[in-house]
Amino acid sequence: MAGRIEGKTAVVTGGCSGIGRATVRRFAAEGAKVVIGDLDDVRGPEVAAEAGGTYVNVDVTDPAQVDTLFKVAKDTYGTVDIAFNNAGISPPEDDSILETDLDAWKRVQEVNLTSVYLCCKAALPYMLEQRSGSIINTASFVAVMGAATSQISYSASKGGVLSMSRELGVQFARDGVRVNALCPGPVNTPLLRELFAKDPERAARRLVHVPAGRFAEPEEMANAVLFLASDEASFITASTFLVDGGISAAYVTPL
């Protein structure tokens, strides 16, 4: 069924690669007007042209730039209906708590958690004025599980995204605004492929725990985001929306 978000305006951060890019394509295919926020000035205009949308260079840790991103969406297309706050990083220096220094901790928190706070803060006034809107924040399955192959700041940041999304979803439910946390399992993105290249043993250790026996594709996450963005999810808010191939429910995996 096409046209599930026909005519709606969607803002996607981190829209030039991975889950973000797949979602931009999916949103455009379903009739949305898409504003892509990213730092990639090479791919950004290409992605926007492909989607028939608009690219905005934005540092998602900068409040003024985030405000501008959502203002561009409103000024260009008239509404802000969907915010997919997806930008994030997972740098190699974020490791065990015994190895991760304070600068690495702070950087991941800024990009992964503070940016979501800023994007929600910027999007909500438009949605509250309209009395409608859907915010989808990218958390992770690590927000509900522990990992011995730790990325301590990443895990903590995603836990914060999950908790914040739940609270906003409850707070604004009667104002017509839904807020949900997408919690992907491991996804076949450039970040994961880089992990395989740098540390195949660590990557393989992750794969063995996925009951589905494979990592997800970005398009599978985009399908979930589309559902949460659409009116089909009209009674879903404050949810921990796990799309993880069963990993968070597994005690042991199939042979």
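Nothing here was measured: the structure is a model prediction, and the numbers come from that model.

Draft legend 1. Examining the sheet that holds strand β1 (residues 9–13) more closely. Judged by pairing direction, the sheet is parallel, and its seven strands sit side by side in the order β3-β2-β1-β4-β5-β6-β7 without closing on themselves. Two strands bound the open sheet, and with one partner strand each, they are β3 (54–57) and β7 (240–243). If you compare each strand with its neighbour and ignore which way they point, the axes differ by 20 degrees on average. Inspection of the sheet shows strand β4 (residues 82–85) paired to strand β5 (residues 133–138) by four bridges, in the parallel sense.

Draft legend 2. The arrangement of the layout of surface pockets in detail. Estimates place the volume of the largest pocket at around 1,200 Å³. If you go around the largest pocket, you meet 48 residues; those closest to its centre are Gly-88, Ile-89, Ser-90, Tyr-154 and Leu-191. Listing elements by their share of the lining of the largest pocket, those giving two or more residues are α1 (18–29), β2 (33–38), α4 (102–130), α5 (152–171), α6 (190–198) and α7 (200–207). Looking at which element gives the most residues to the lining of the largest pocket, the answer is α6, with six residues. Residues of the lining of the largest pocket, tallied by class, amount to 21 nonpolar, 14 polar and 13 charged. Approximately 400 Å³ is the volume found for the second largest pocket.

Draft legend 3. Structural context of the pattern of salt bridges. Counting across every chain of the model gives ten salt bridges. Among the ionic pairs, Arg-4 bridges to Glu-30, the shortest N-O distance being 3.7 Å. Here the residue Arg-4 occupies a position in the segment before β1, and Glu-30 occupies one in the loop between α1 and β2, the gap between them amounting to 26 residues. Accessibility expressed as a relative area gives 4% for Glu-30, which makes it buried. Glu-50 is paired through a salt bridge with Arg-25; the nearest N and O atoms lie 2.7 Å apart. Highlighted residues: Glu-50 in helix α2 (residues 43–51) and Arg-25 in helix α1, separated in sequence by 25 residues. Note on Glu-50: relative accessible area 46%, which makes it partly exposed.

Here is what the cut-offs are and how they apply
Residues numbered from 1 in each chain as written. Predicted model: local features only at pLDDT ≥ 70, side-chain atom pairs only at ≥ 80, totals over all residues. Heavy atoms only, no water. Pairing = 2+ DSSP bridges. Helix = DSSP H or I, 4+ residues; strand = E, 2+ residues; numbered from the N terminus. Axes fitted to C-alpha atoms, helices over the stretch in contact; angles between N-to-C directions. 1 Å grid on protein atoms, 1.4 Å probe; cavity = no way out; pocket = protein on both sides within 12 Å on 5 of 7 lines; lining within 4 Å. Points joined across faces, edges and corners; volume = space filled by probe spheres on them. Nonpolar A, V, L, I, M, F, W, Y, C, P; charged D, E, K, R; others polar. Salt bridge = Lys/Arg side-chain N within 4 Å of Asp/Glu carboxyl O. Buried < 20%, exposed > 50% of the residue type's maximum accessible area, 1.4 Å probe, protein only.

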